[in-house]
Amino acid sequence: MVGARCVACNTLQFPRSQVCVKCGAMETQQDESLSGLLGRVKSYTEDWLAYTPLPPYIYGNVEFADGANCMLEFTDFEPGQVKVGSAVRMVFRIKDFDVKRHFRRYFWKPAPILNETR
Amino acid sequence: MAKGIKDKVAIIGMGCSKFGERWDCGPEELILEAFKEALVDANISREEIEMAWLGLFYQEQSAGKSALPLSLALRLPNIPVTRVENLCATGTEALRGAVYAVAAGACDIALAMGVEKLKDTGYGGLPERTKGSFDDLWLPNATAPGAFAQLASAYAAKHKIDMQDLKRAMAHISVKSHANGALNPKAHLQKTITEDDAMNAGMIAYPLGLMDCCGVSDGAACAIVTSVEKAREMGFKDLVTVKAMQLAPSNGFEMSNTGWDGSYLHTTRLAAKRAYAEAGVTHPRQEIHMMEVHDCFSVTELVVMEDLGISPEGGAIKEVLDGVFDRDGEVPCQIDGGLKCFGHPIGASGLRMAYEMYLQLLGRAGPRQLNSPSLGLTHNLGGHPFRNVASVSLFGLYSA
């Protein structure tokens, strides 16, 4: 879950890009991992139209403690459990399954903090 | 020093097809339906059109890329035709091209046509599209309702609003749009709905229910434009002119970092400010008489009232429920029924909005006619709240 930090203005961002989103400096970003950071849910939905093996498909915008931001598919939340402001930690899970080539693809997903009550 | 587009270009003819499930039509039939109306309205022949812009988003499968679909459909006399696309602002972008060509003096008369045949897919909702090879690896497989539903949770949290109150305001918006669309023979949906219908409708993506979502439809709309001087020469008396056309695409601000709180449309705010400056509007709430905004989802219309600077921050719910945007309210919104009743044939919507503003300004909106409007706003939002293209345009009566 590698984002980047601009060395010119110190802004952490995702994804890494050639131009800093904050200060506009070019080619100044260095890789920085987000997977160990805690996050906070900024917005979410529980989508009954989107395809998922286990409806509803729960996803939303997550702000990381150090300043980066990402829209991601959530995991381990029961329907009705996510709220704006929920604290999340990143876990590495199956993102999709390629039925033609039989690949499992993995990516990071926000999950509830373990000691939150359900 | 450039002064913008205000009062340089007049719309002398417009046409709009019936929107809906047009199983019996291909894009060519829809194009012709809108075109015939516009030709009669402008009182010109097809040969007098010198350049054309075609707005077409998804239906590259049926209509095809490039100038060819429009040139072939209308047997245009090999005039320059440019196909444009800017997500849901595609129709407006086609108009913008035609308007700029005429304002630049590159030609006298230009056509802008927007068309989309979305019902041929055979399923509900929009077709999948790739977001670019890297984005598909990490972004969720979001639907349009799910992406816009994000606005609702963020807005409710930010302004500390109970979700049932937000849902009630969203329901009012859909009820209002259906009441307007019921007066419009060109709309896809022409029946009224009740607040209960909206509140109790099946959940699509929390908190958006079925009645909070616009439908998928087929349709076409077009405009014929010329310079104000040429329009006078041609004998037009009451002129509808373009007062502003502004566009603002996302640049990553909303998503890359924590600068955005998810509860408003950043690009709409920028496009609106620029459009007001271009048109010389200093008090939008007082000066704008009517609006057609991008009600792909009811919650989008709600936040756009604040993004356009019409409602104060956090004030949209109260104003919606007070009827400020109803047909008999202070600033009627979606007077033709909006995307809610027309559906959203993507290439056509921007021009369909301009069509209603045009009819209203000329006093030709029949049972939907407002009392002497002289300035109308159209707004498109293509993409998702967190990454999109916003357009804001203003149309009004020409005053020398």
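Predicted model, so just to flag it, every value in this text is computed and none were measured.

Remarks on the overall build of chain B
Thinking step 1. Secondary structure assignment for chain B yields 15 helices and eleven strands.
Thinking step 2. The C-alpha atoms of chain B give a radius of gyration of 20 Å, which matches the 21 Å a tight globule of 400 residues would have.
Thinking step 3. Along the first, second and third principal axes, the C-alpha atoms of chain B reach 60 × 45 × 45 Å.
Thinking step 4. When each of the 400 residues of chain B is scored for burial, the buried share is 63%.
Thinking step 5. Relative to all contacts within chain B whose residues are 6 or more apart in sequence, the contacts with residues 24 or more apart total 77%.
Thinking step 6. Carbon together with sulfur atoms contributes 53% to the accessible area of chain B, which is approximately 14,300 Å² in total.
Thinking step 7. Distance between charge centroids for chain B: 2 Å, based on 37 positive and 47 negative side chains.

Brief notes about the overall build of chain A
Thinking step 1. Across its full length, chain A carries zero helices and eight strands.
Thinking step 2. With respect to the principal axes defined by its C-alpha atoms, chain A has extents near 45 × 40 × 25 Å.
Thinking step 3. By element, 54% of the accessible surface of chain A is carried by carbon and sulfur atoms, the whole surface being about 6,300 Å².
Thinking step 4. The averaged location of the 13 negative side-chain charges in chain A is 2 Å from the averaged location of its 15 positive side-chain charges.

Considering the sheet that holds strand S10 (residues 375-384) of chain B
Residues and elements named next belong to chain B.
Thinking step 1. Reading across the sheet, the nine strands line up as S3-S2-S4-S7-S1-S8-S11-S10-S9 and stay open at both edges, with mixed pairing between neighbours. This sheet does not close on itself; its edge strands, each paired only once, are strand S3 (81-84) and strand S9 (290-292). Taken over all neighbouring pairs, the strand axes of this sheet differ in orientation by 25 degrees on average, direction set aside.
Thinking step 2. As judged from the ten bridges shared by S10 and strand S11 (residues 387-397), these two strands associate in the antiparallel manner. Bridge assignment links Asn 380 to a residue of S11, and that residue is Ser 391.
Thinking step 3. This element, helix H1 (residues 27-42), spans strand S1 (9-16), strand S4 (109-117) and strand S7 (218-227) of the sheet and lies at about 130 degrees to S1.

A short note on the sheet that holds strand S1 (residues 2-6) of chain A
Thinking step 1. Sheet architecture is open: three strands sit in the order S2-S1-S3 (chain A), paired in antiparallel fashion. Two strands lie at the open edges of the sheet, namely strand S2 (12-13) and strand S3 (29-33) of chain A, each paired on one side alone.

A look at the packing of helix H5 (residues 144-158) of chain B against helix H12 (residues 298-307) of chain B
All names here are of chain B.
Thinking step 1. Packing of H5 against H12 leaves a shortest axis separation of 9 Å and a crossing angle of 55 degrees. Classified by the interaxial angle, the pair formed by H5 and H12 is oblique. Two packed elements cross with a definite hand, and for H5 against H12 that hand is left-handed. Here Phe 148, Leu 151, Ala 152 and Tyr 155 of H5 come into contact with H12, specifically with Val 299, Thr 300, Leu 302, Val 303 and Glu 306.
Thinking step 2. Class assignment of the residues belonging to the contact of H5 with H12 gives a composition of seven nonpolar, one polar and one charged.

A closer look at the pattern of salt bridges
Residues and elements named next belong to chain A.
Thinking step 1. Applying the stated criterion to the full structure yields 31 salt bridges over all chains.
Thinking step 2. The residue Arg 40 makes a salt bridge to Glu 63 at a minimum N-O spacing of 3.9 Å. Separated by 23 residues along the polypeptide, Arg 40 in strand S4 (residues 38-47) and Glu 63 in strand S5 (residues 57-64) bring together distant segments of the chain.
Thinking step 3. The exposure class of Glu 63 is buried, given its relative accessible area of 19%.

A closer look at the side chain of Glu 63 of chain A
Thinking step 1. At a separation of 3.3 Å, a polar atom in the side chain of Glu 63 of chain A contacts the side chain of Lys 42 of chain A.
Thinking step 2. The residues touching Glu 63 of chain A, leaving out its near neighbours within four places in the chain, are Leu 38, Gly 39, Arg 40, Lys 42, Ala 68 and Asn 69 of chain A together with Thr 258 and Trp 260 of chain B.

Examining the nonpolar core
Considering soluble globular proteins, one finds that nonpolar side chains tend to be buried as a cluster.
Residue and element names in this part refer to chain B.
Thinking step 1. Residues Leu 166, Met 291, Leu 302, Leu 308 and Leu 394 are the most contacted members of the largest nonpolar core, which totals 53 residues.
Thinking step 2. No other element matches the six residues that H5 contributes to this core.
Thinking step 3. In this structure, Val 102, Phe 342, Ala 348 and Leu 361 belong to the second largest nonpolar core, which totals 40 residues.

Observations concerning helix H10 (residues 266-279) of chain B
Residues separated by three or four positions in an α-helix point in the same direction, a consequence of the helix having 3.6 residues per turn.
Residue and element names in this part refer to chain B.
Thinking step 1. The terminal C-alpha atoms of H10 lie 20 Å apart, and with 14 residues this matches the ideal 20 Å at 1.5 Å per residue to within 8%.
Thinking step 2. The complete set of buried residues in H10 reads Thr 267, Thr 268, Arg 269, Ala 271, Ala 272, Ala 275, Tyr 276, Glu 278 and Ala 279.
Thinking step 3. Structurally, H10 contributes buried residues whose contacts are with strand S8 (240-249), helix H9 (253-256), helix H11 (284-287), H12, S10 and S11.
Thinking step 4. Immediately beyond the C-terminal end of H10, within one or two residues, lies Gly 280, with a positive phi of roughly 75 degrees.

Some words on the confidence of the model for chain B
Thinking step 1. Per-chain confidence: chain B averages 95 in pLDDT, with 97% of residues scoring 70 or above.
Thinking step 2. The complex model carries a pTM of 0.95, and its ipTM stands at 0.92.

A word on empty space enclosed by the protein
All names here are of chain B.
Thinking step 1. According to the stated counting rule, one finds one cavity of 30 Å³ or more in the structure shown.
Thinking step 2. There is about 30 Å³ of room inside the largest cavity.
Thinking step 3. Lining the largest cavity, in full, are Tyr 155, His 159, Ser 263, Tyr 264, Arg 269, Val 303, Glu 306, Asp 307 and Glu 313.
Thinking step 4. Here the element with the most residues in the lining of the largest cavity is H12; it accounts for three residues.
Thinking step 5. Broken down by class, the residue content of the lining of the largest cavity amounts to three nonpolar, two polar and four charged.

A short note on the packing of aromatic side chains
Thinking step 1. Within the structure shown, the criterion is met by ten aromatic pairs over all chains.
Thinking step 2. Centroid distance Tyr 44 of chain A to Tyr 206 of chain B: 6.2 Å. Interplanar angle 20 degrees. Geometry classified as stacked. Here Tyr 44 of chain A is found in strand S4, whereas its partner Tyr 206 of chain B is found in the loop between strand S5 (203-205) and strand S6 (208-209) on a different chain.
Thinking step 3. Relative accessible area serves as the criterion here: at 26%, Tyr 206 of chain B is assigned to the partly exposed category.
Thinking step 4. A ring pair is formed by Phe 148 of chain B and Phe 297 of chain B, whose centres lie 5.3 Å apart and whose planes are at 35 degrees; its orientation type is tilted.

What counts, and at which threshold
- Residues numbered from 1 in each chain as written.
- Chains lettered and ligands numbered in written order.
- Predicted model: local features only at pLDDT ≥ 70, side-chain atom pairs only at ≥ 80, totals over all residues.
- Heavy atoms only, no water.
- Helix = DSSP H or I, 4+ residues; strand = E, 2+ residues; numbered from the N terminus.
- Rg over C-alpha atoms; globule rule 2.2 N^0.38 Å.
- Buried < 20%, exposed > 50% of the residue type's maximum accessible area, 1.4 Å probe, protein only.
- Contact = heavy atoms within 4.5 Å.
- Areas by Shrake-Rupley, 256 points an atom, 1.4 Å probe, with all protein chains shown as cover.
- Lys, Arg positive; Asp, Glu negative; His and termini not counted.
- Charge placed at Lys NZ, Arg CZ, Asp CG, Glu CD.
- Pairing = 2+ DSSP bridges.
- Axes fitted to C-alpha atoms, helices over the stretch in contact; angles between N-to-C directions.
- Parallel < 35°, antiparallel > 145°, perpendicular 65-115°, else oblique.
- Left-handed = near helix turned anticlockwise from the far one by under 90°.
- Nonpolar A, V, L, I, M, F, W, Y, C, P; charged D, E, K, R; others polar.
- Salt bridge = Lys/Arg side-chain N within 4 Å of Asp/Glu carboxyl O.
- Polar contact = N/O pair within 3.5 Å; in protein donor to acceptor, adjacent residues only side chain to side chain.
- Core = buried A, V, L, I, M, F, W, Y, C linked by side-chain atoms within 4.5 Å.
- Expected span 1.5 Å × (residues − 1).
- pLDDT = per-residue confidence, 0-100.
- 1 Å grid on protein atoms, 1.4 Å probe; cavity = no way out; pocket = protein on both sides within 12 Å on 5 of 7 lines; lining within 4 Å.
- Points joined across faces, edges and corners; volume = space filled by probe spheres on them.
- Phe/Tyr/Trp six-rings, centres within 6.5 Å; stacked < 30°, edge-to-face > 60°.

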